[in-house]
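# Tertiary structure, described
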Amino acid sequence: MSKQIIRNKGLLNRPIGVFDSGLGGLTVVRELIKRLPNEDILYFGDLARLPYGIKSKEQIVQFSCANTDFLYDKGIKGLVVACNSSASASMRILRKRHAINLVDVIMPAACEAVSQTRRGRIGVIGTQATMLSKAYDKAIMKIAPKMKVFSQACPLFVPLVEEGWLKGEITRKIVKTYLTPLMRHRIDTLILGCTHYPLLKKLIQQTVGSQVRLIDSAGPTVKHLKNILGQARLLTERVRRGRLSVYVTDRPGNFVKVGERFLGRHFSEIRLLRAKAIPNLN
Ligand code: DGL
C-alpha cells in the first residue's frame, strides 16, 4: 500500500475529504464516523455525472482529477477516493497531481480478502470500468500470486442503490442473476468492489450463502487512513463530534433520503455546486 505521508502540522484540524459519484462513498463515511468520530468530513458526490462505472477511462480520470482538485483546494488533510471506478482508472495520476495523504479502496480490500480466504478462491464484483481495469486481479496477484480470482460486472446495482431499491423481488432477482455464474466457481470470499454494493449486502449475503465471506472495503480503508494520519501526527485531538459537510453537483433528490437513512444521522450541511466550481461540468 502507498507509503507517501504528508506531515504538515497546519493541517491538524482540517477535514478529511471523500469522493464518489454518488451514495457509495457514504459506506466509507459511515466507517470514518465510527473509527474517527471527532474528525470533520467533506464529502463530494458527483451526482451530475453518475454513474462512473459505464464511462470510459479517459472520462473517469477527468472527473476524478476535478473532484480531487476541488477537495484539495478546500485544504483537506487527507483524501479517500471512495470510488473503485475512479481508483482503478486514476490513482497513479492523482498521486502525482497533489502532495496529499491519499488512500483508495482497492488495495485495502484486496489485502483483507487475501487474509480472509480459506481456499484461495476469491470473487470480485464491481462496475464495468473496474472489472475491465483488472485492478483487483493485479492487486491480489501482487500480494498472493497463487490466489484464483473470478470477476463479474454488475452494472445494474448502482442505479438500484441510487433509487433506494435495496430489497424486494426485482432487486433480489437481479442480484441472483449476476451472482449465480460466480458461485459456480466455488468462491469462498467475495469482494464488494464498488462502494455502492454494501447497501445491498443483505441480499448479496442471502444469495451467496453464509459460507462466503463478504469483503467491504470501508473498514480496511479507514484503518489504513487512520494509520497514515497517525504517522503524520494529523489525527485531531479535538473532543467535539466531527461535522459532515456534503457537496453535490446536481439536485440531491434521493441522495439525502437514502444517505441519511444509511448513515443514521443528518448531514450537517449540503451544498449544490455551481458549474463553474467544477471544470467540465455543463
Ligand atoms: N461507487 C463507485 C465505485 O465504487 C461508482 C459507481 C458508479 O458511479 O458507477 O465504483
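For every chain, the first residue of its written sequence is number 1, and the numbers climb from 1 along that sequence. Selection of residues for local features in this predicted model requires a pLDDT of at least 70, selection of side-chain atom pairs for listing and counting requires 80 or more, and totals for whole chains, interfaces and linings are taken over all residues. Here the side-chain values reflect all heavy atoms present in the structure, with hydrogen atoms and water set aside.

## Observations concerning the environment of His-266
Note the cut-off: Helix and strand assignments follow DSSP, with helices taken as H or I runs no shorter than four residues and strands as E runs no shorter than two, numbered in order from the N terminus. Each residue's exposure class comes from its accessible area (1.4 Å probe, protein chains only) as a fraction of the maximum for that residue type: buried when under 20%, exposed when over 50%, partly exposed otherwise. The definition of a polar contact used here is a pair of N or O atoms within 3.5 Å, where within protein one atom must be able to donate a hydrogen and the other to accept one, and adjacent residues in sequence count solely through side-chain atom pairs.
Looking at where His-266 falls in the secondary structure, it is placed in the loop between α11 (254-263) and β10 (269-272). Given a relative accessible area of 60%, His-266 falls into the exposed group. Within the structure, the side chain of His-266 is placed 2.9 Å from the side chain of Glu-260, a separation counted as a polar contact.

## Some thoughts on helix α10 (residues 218-231)
Convention followed: Multiply 1.5 Å by the residue count of a helix minus one, and that product is the helix's expected span. Contact definition: two residues touch when any of their heavy atoms are within 4.5 Å.
With 14 residues, α10 ought to run about 20 Å at 1.5 Å a step, and its terminal C-alpha atoms sit 20 Å apart, in line with that. Those residues of α10 not exposed but buried are Ala-218, Gly-219, Pro-220, Thr-221, Val-222, His-224, Leu-225, Ile-228 and Leu-229. On its buried face, α10 is in contact with β1 (16-20), α1 (26-35), β3 (78-81), β4 (102-104), α4 (106-116) and β8 (213-216). Arg-233, located one to two residues past α10, shows a positive phi value of around 55°.

## What about the sheet that holds β10?
Heads up, the condition is: Pairing between strands is defined by DSSP: at least two bridges between them are needed. Here, axes are lines fitted to C-alpha atoms. For helices the fit covers the stretch in contact, and angles between N-to-C directions go from 0 to 180 degrees.
The strand order across the open sheet formed by six strands is β4-β3-β1-β2-β9-β10, and the pairing between neighbours is parallel. At either margin of the open sheet sits one strand with a lone partner, and together these are β4 and β10. This sheet shows a mean twist of 20° between the axes of neighbouring strands, independent of strand direction. Relative to β10, strand β9 (residues 244-248) runs parallel, the two being bridged by four bridges. Paired with Val-246 across the strands is Ile-270, a residue of β10.

## So, the nonpolar core
We apply this condition: Definition of nonpolar core: a set of buried residues of the types Ala, Val, Leu, Ile, Met, Phe, Trp, Tyr and Cys, connected through side-chain atoms within 4.5 Å.
Ile-125, Phe-157 and Ile-204 are the most contacted members of the largest nonpolar core, which has 97 residues in total. Among the elements that take part in this core, helix α2 (residues 57-73) stands out by supplying seven residues, more than any other. Excluding residues that lie within four positions of it along the chain, Phe-157 makes contacts with Ile-125, Ile-174, Val-175, Tyr-178, Tyr-197, Leu-200 and Ile-204.

## Re a positive patch on the surface
Note the cut-off: Two distance rules govern patches: like charges are joined within 9 Å, and nonpolar side chains (Val, Leu, Ile, Met, Phe, Trp, Tyr) within 5 Å, applied only to residues with over 30% relative accessible area and no salt bridge. Only the protein chains shown count as covering a residue, and every accessible area follows the Shrake-Rupley method with a 1.4 Å probe. Whenever Lys or Arg places a side-chain nitrogen within 4 Å of a carboxyl oxygen from Asp or Glu, that contact is recorded as a salt bridge. His residues and chain termini do not enter the charge count, which takes Lys and Arg as positive and Asp and Glu as negative. Throughout, a charge is located at the NZ atom of Lys, the CZ atom of Arg, the CG atom of Asp or the CD atom of Glu.
A cluster of basic residues, Lys-57, Arg-92, Lys-96, Lys-134, Lys-138 and Lys-142, forms a positive patch on the protein surface. Looking at the positive patch, the elements that each hand over two or more residues are α3 (84-97) and α6 (135-143). For Lys-134, a relative accessible area of 42% corresponds to the partly exposed category.

## So, the pattern of salt bridges
Under the defined criterion, the tally for this structure stands at 11 salt bridges. The partner of Arg-35 in a salt bridge is Glu-31, with the nearest N and O atoms 2.9 Å apart. Pair noted here: Arg-35 and Glu-31 are both in helix α1, with a separation of four residues, about one helical turn. With a shortest N-O distance of 2.7 Å, Arg-49 and Asp-46 are connected by a salt bridge.

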